[in-house]
Amino acid sequence: SDSDSRTRQQHRRRHHHHHHHHHHHHQLRSAASKRRRAVTIVPTFWRTLGWRGALLSSLMVANVALAYRATVRAGLAGNAEFCIAMAVITFVAATATLPRLFAWDVIYTKAHHRWRYGARSFHFQPRDAQETVRGRVAHVLNVLLLEYEMAIGMSGRHFRTRGLVAEIVEVFTQLNGVLFSTDSIPNSTLQLTLVMVVINVLGTWLLAAVPRSWSGKELRSTFDLAIDMFWVAFNSNAVVVESAGLSQVLALAVPILFVASSLRVLGYYHVFAAAKRDCMEAHIPGGVAIHSHTNIFTKHRLRGFGTVVKDDGDDDADGDDETRSPWSSARALTVGALGYLSMFTIRRDSSASSVSSYGSDDGTARERRLKRARVWNAVGVALAALVSCGCVVALLATTLHRLDATEAHCRELVGGMWDGVHDDDRLFFRNNGLFGEATCGLEHITVLDLRGSSITRIDERVLHFSSVEDILASDCPNLAYVGPEVNFLANLQTLDLTGSPAARSLVWRDAGLTSLHAVLWQQSELRELDVSGNRLETIPASMPSLAKLERLNASGNLLDGRAIVALGPLRNLMSVNLANNSIIELPVDAASVRVLRRWTSLDLRYNAFTNVHEALFDPKKDELRLEGTAVRRAILASSNVGPALPTDLFVLPLEQFTVWASVINTIDDSILRVADTLHTLEISSSAISHNYITPSLVQMSALHELGLDQNALADNDGFLPEVLFRIPTLAVLRLSCTNMRQLSPVAWESPSLRALEIKNNRLTSLPPVPASVVEAGSLDLRVLNLRMTDFDGVPEVVLQPPLADTLQVFTISGKHWDANAINASISVVEAATGGRLRCREAGTEVAGVNCLYCREEGQSRDVDDGGWQHFKLSWFPSCLLDLGETTGGLLAGFLG
């Protein structure tokens, strides 16, 4: 139509005017540039690279160094596969980046040529077959390198695609680690990986909106470098080279390669920017862009150009200088003109086609379709960004929630001990993958590091750590309890409690232990140990390593008397509890006696031993427990016993208590504890006096024999306490060497008394038997020993009933008794007893000392005391000399 024709004509005029204006402006700019004189610039390393280049160079070296470090670690750990793989990665990273550092001038030359002659794309042609093989190979390699740069290099058409692919590979690599390799990824690493994946995805979509300029490419490469450098540093330190597999190789190798790629790009861009800056300062005119050319590549292309040539405005000035510029200026201008014309022709045809369709319905519809396509493209990109970002954010959120829930469960399961699990050992998805069930994995923990924590106890929950090897709990101010369950940790090698309260006291009772774990001997600061209620049979030979141990409770075990010997080397041990064990005999060797005497507190209750030793009753001993033992007879001879009665013995159903050469000075009411069981009480050669015998002694309902020899029992008048003669069941009474000068008539009132020994006293007479006793006929005394006394003759009471009728054994001696006196007394006694007693003079080993010895005819030396114990007349048939005038002397009494 006419209107369409007019519209097309107006568009042609407007387009022609614009092209003419552009061409005129280009001519003016060319003329002005020719009038400017080029200056000489010498490119140097520091001028070209500067601080930024130095930083990039440092990152290149650091990247290679980290890769090499991982290689060395793998080699030392013996992981050959990982070592070989990392060696290859180190080589690739080094050859990909370090040449850019050392061959900066080559890149600078290329940048200069691109500024002067424009970007070119080269293709190999067969007509170069006349060249050498080396030349053809070099030509092919250079062509491939240039094609790579033109396609996906920094200045390439598909650099953005390259960056997108790199981001996809990197995200996939990291997700592969967290999705399929959770067996070796701690929770902290898992969280960090997911956070970095989210940052990576969000950053990629944000950078997608940056314009396709050199600055945009640099920004994208810098972002990739930061992300990848972080992963290189993190993975190189986190990887366990001893057991690293393919996933760990990928997790470390991919970031290293991407760092190398980003550093190449940024280094390339930096050198190009420096070259462009130098070209602009040197007023070198820029060339035209040629998109395709054939066979103008020469072997001099990569040679450094040294000093930039001066240009006087004539582009042909350096056409013959092949050494300075690898390209012929004339050839470059020719090719550039042809390329420019071809581009202009294409642009003109495109403009014509667009003008021919301008204003038509088809053009308008196409424009609308393009607009809709752009809108849908934007919508699609937005949806893709939303979906991808939403997926990774949702994955991060759900994983963090599951980690927090599992963390709370694990803490509830093992309490404060969870603080000792290192972050690298917290692998909740170890067995089931990221989408499987999360578990604590306590059975895989080998080190429990609680140093300096606020934990209060290590109890039975420690058994959840079945594979633990080291429990480090030093300097824990609140740790007061470490339970016996550590003894059941088969792999435990170290238990460090230094500086914690538990290092001084361990309570391992009622745990069924049959042996003690070796970690116990590591507790050199231990003061108190309680292993009661177990099944220990022996004290381990390593026990002396607890040199500072002061208190030991080993009751309720299966220990025997050897335990006392085993505990001897513990010099600081003072309190020992061996109750309820299997001790059937106390050791009496010298070493054991010293040990028993050293312990100030000893509990031997409920053991089966029957013997006791005087070392048990050392005055320095604060506590002695003997209840429930099989001790029925206590025969002691030691000055360590006293001054009070050893009441610790009286908790037993004691039948005999014999002690001599002691320092006991009293018989108090404590003796009544054994009133129903004690048959024999003998305390001789001690320090008991008249006023320190309790009147309650008459309550000893089972006492049959009482011996208080060699004690100063007499009062000022020479009488002994009457309570001694009022014990209702007493059958044998020995009171030699007691300073007695007069015998109380009460002595004849005891109906149960069968033997009375009052030798070695200064008696001169005996009281008559009370008439009431004679009438009642209750006196049944059968043995009377008056040796070493001051009688002038046989006492009258002996020659009269009832003694004359009951005595079976009678003996008397003293300083007034010579052979004549003895002969005279023989007939008197025999006559008084009607011949029932047969008397004779008994000689002694000392000349001139004899005694009167009378015995019932047919009576053996063992006198029946009426159903009680047999009373041994051990001092017959001889009598010994009373050494000195002091009756009751210790030596005389002891020998008597």
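Each value, and the rule that gives it
- Residues numbered from 1 in each chain as written.
- Predicted model: local features only at pLDDT ≥ 70, side-chain atom pairs only at ≥ 80, totals over all residues.
- Heavy atoms only, no water.
- Helix = DSSP H or I, 4+ residues; strand = E, 2+ residues; numbered from the N terminus.
- Buried < 20%, exposed > 50% of the residue type's maximum accessible area, 1.4 Å probe, protein only.
- Contact = heavy atoms within 4.5 Å.
- Areas by Shrake-Rupley, 256 points an atom, 1.4 Å probe, with all protein chains shown as cover.
- Axes fitted to C-alpha atoms, helices over the stretch in contact; angles between N-to-C directions.
- Parallel < 35°, antiparallel > 145°, perpendicular 65-115°, else oblique.
- Nonpolar A, V, L, I, M, F, W, Y, C, P; charged D, E, K, R; others polar.
- Core = buried A, V, L, I, M, F, W, Y, C linked by side-chain atoms within 4.5 Å.
- pLDDT = per-residue confidence, 0-100.
- Salt bridge = Lys/Arg side-chain N within 4 Å of Asp/Glu carboxyl O.
- Patch = residues over 30% accessible without salt bridge, like charges linked within 9 Å, V, L, I, M, F, W, Y side chains within 5 Å.
- Phe/Tyr/Trp six-rings, centres within 6.5 Å; stacked < 30°, edge-to-face > 60°.
- Disulfide = S-S within 2.5 Å.
- Pairing = 2+ DSSP bridges.

S.K.: Got a sec to walk through the overall build of the protein chain? Specific residues and values, please.
M.R.: In terms of helices and strands, the protein chain carries 17 helices and 25 strands. In the protein chain, buried positions account for 49% of the 896 residues. Taking contacts inside the protein chain between residues at least 6 apart in sequence as the whole, the part at least 24 apart equals 61%. For the protein chain, the exposed surface amounts to about 43,200 Å²; the carbon and sulfur share of it is 57%.

S.K.: Kindly report on the packing of helix 3 (residues 80-102) against helix 9 (residues 246-281), identifying the contributing residues and their values.
M.R.: Viewed as axis vectors pointing N to C, helix 3 and helix 9 meet at an angle of 5°, and their least axial separation amounts to 9 Å. Relative to helix 9, helix 3 is oriented roughly parallel. Counted together, F82, A85, M86, I89, V92, A93, A96, T97 and R100 of helix 3 and Q248, V249, L252, A253, I256, L257, A260, L263, R264 and Y268 of helix 9 form the full contact between these two elements. Here the contact of helix 3 with helix 9 is built from residues that sort into 15 nonpolar, two polar and two charged.

S.K.: Any chance you could break down the nonpolar core for me, citing the residues and the numbers?
M.R.: Counting 154 residues, the largest nonpolar core has L649, F657, L724 and L852 as its most contacted members. If you tally residues by element for this core, the top one is helix 11 (residues 361-414), at seven residues. Counting 27 residues, the second largest nonpolar core, distinct from the first, contains V232, L252, I256 and L263.

S.K.: Any details on the confidence of the model for the protein chain? Residues and values, ideally.
M.R.: In low-pLDDT segments, the atomic positions of the prediction should not be examined closely. Of all residues in the protein chain, 75% attain a pLDDT of 70 or more, and the chain-wide mean is 77. When the criterion is pLDDT under 50, residues 288-360 qualifies, and its contacts beyond four places in sequence or with other chains add up to 110 contacts. Between residues 861-896, whose pLDDT stays under 50, and residues either more than four places distant or in other chains, the model counts 83 contacts.

S.K.: I'd love a proper account of the pattern of salt bridges, names of residues and values included.
M.R.: One pass over the structure, following the stated rule, counts 23 salt bridges. A salt bridge links D449 to R451; the nearest nitrogen and oxygen atoms lie 2.7 Å apart. Given a relative accessible area of 49%, R451 falls into the partly exposed group. With a closest N to O distance of 2.4 Å, R734 and E705 form a salt bridge.

S.K.: Could you give me a rundown of a nonpolar patch on the surface, with the residues and numbers involved?
M.R.: Together, I84, V88, F91, V92 and L257 line one region of the surface with nonpolar side chains, adding up to about 450 Å² of accessible area. Tallying contributions element by element places helix 3 first for the nonpolar patch, with four residues. Topologically, I84 is positioned in helix 3. Its relative accessible area of 56% is what places I84 among the exposed residues.

S.K.: How would you explain the packing of aromatic side chains if you had to name every residue and give the values?
M.R.: Where two aromatic rings form a pair, the distance of their centres and the angle of their planes describe that pair. Throughout the structure, instances matching the rule amount to five aromatic pairs. Ring geometry for F230 against W231: centres 5.3 Å apart, planes inclined by 70°, an arrangement best described as edge-to-face. The class of F230 is partly exposed, set by a relative accessible area of 30%. Classification of W231 as buried rests on a relative accessible area of 2%. Their ring planes at 25° and their centres at 6.0 Å tell us that W418 and F428 sit as a pair that is stacked. Separated by ten residues along the polypeptide, W418 in the loop between helix 11 and strand 3 (447-449) and F428 in the loop between helix 11 and strand 3 bring together distant segments of the chain.

S.K.: Talk me through the state of the cysteines; I want residue IDs and the actual numbers.
M.R.: Under the defined criterion, the tally for this structure stands at two disulfides. Covalent S-S linkage joins C410 and C440, the inter-sulfur distance amounting to 1.8 Å. On the sign convention where negative means left-handed, the S-S torsion of about -110° between C410 and C440 marks this disulfide as left-handed. In this pair, C410 sits in helix 11 while C440 sits in the loop between helix 11 and strand 3, placing the two residues 30 residues apart along the sequence. For the residue pair C410 and C440, the accessibility class agrees, reading buried in each case.

S.K.: Give a description of the environment of L703 that names residues and reports values.
M.R.: Its place among the elements puts L703 in the loop between strand 16 (680-684) and strand 17 (705-707). Residue L703 is classed as buried on the basis of its relative accessible area of 0%. Among residues more than four places away in sequence, those in contact with L703 are L678, H679, T680, L681, I727, T729 and L730.

S.K.: Give me the lowdown on the sheet that holds strand 19 (residues 755-757), citing residues and values where you can.
M.R.: Sheet architecture is open: ten strands sit in the order 14-15-16-17-18-19-20-21-23-22, paired in mixed fashion. Across the chains shown, the open sheet's two edge strands, defined by having one partner strand only, are strand 14 (633-637) and strand 22 (837-842). Recorded for the sheet is a direction-independent mean angle of 5° between the axes of neighbouring strands. Two elements, strand 18 (residues 732-734) and strand 19, share three bridges in a ladder whose sense is parallel. Each residue of the ladder has a partner; that of R734, found in strand 19, is E757. In the packing of helix 16 (residues 819-832) onto the sheet, the strands contacted are strand 22 and strand 23 (851-856), and the crossing angle to strand 22 comes to about 175°.

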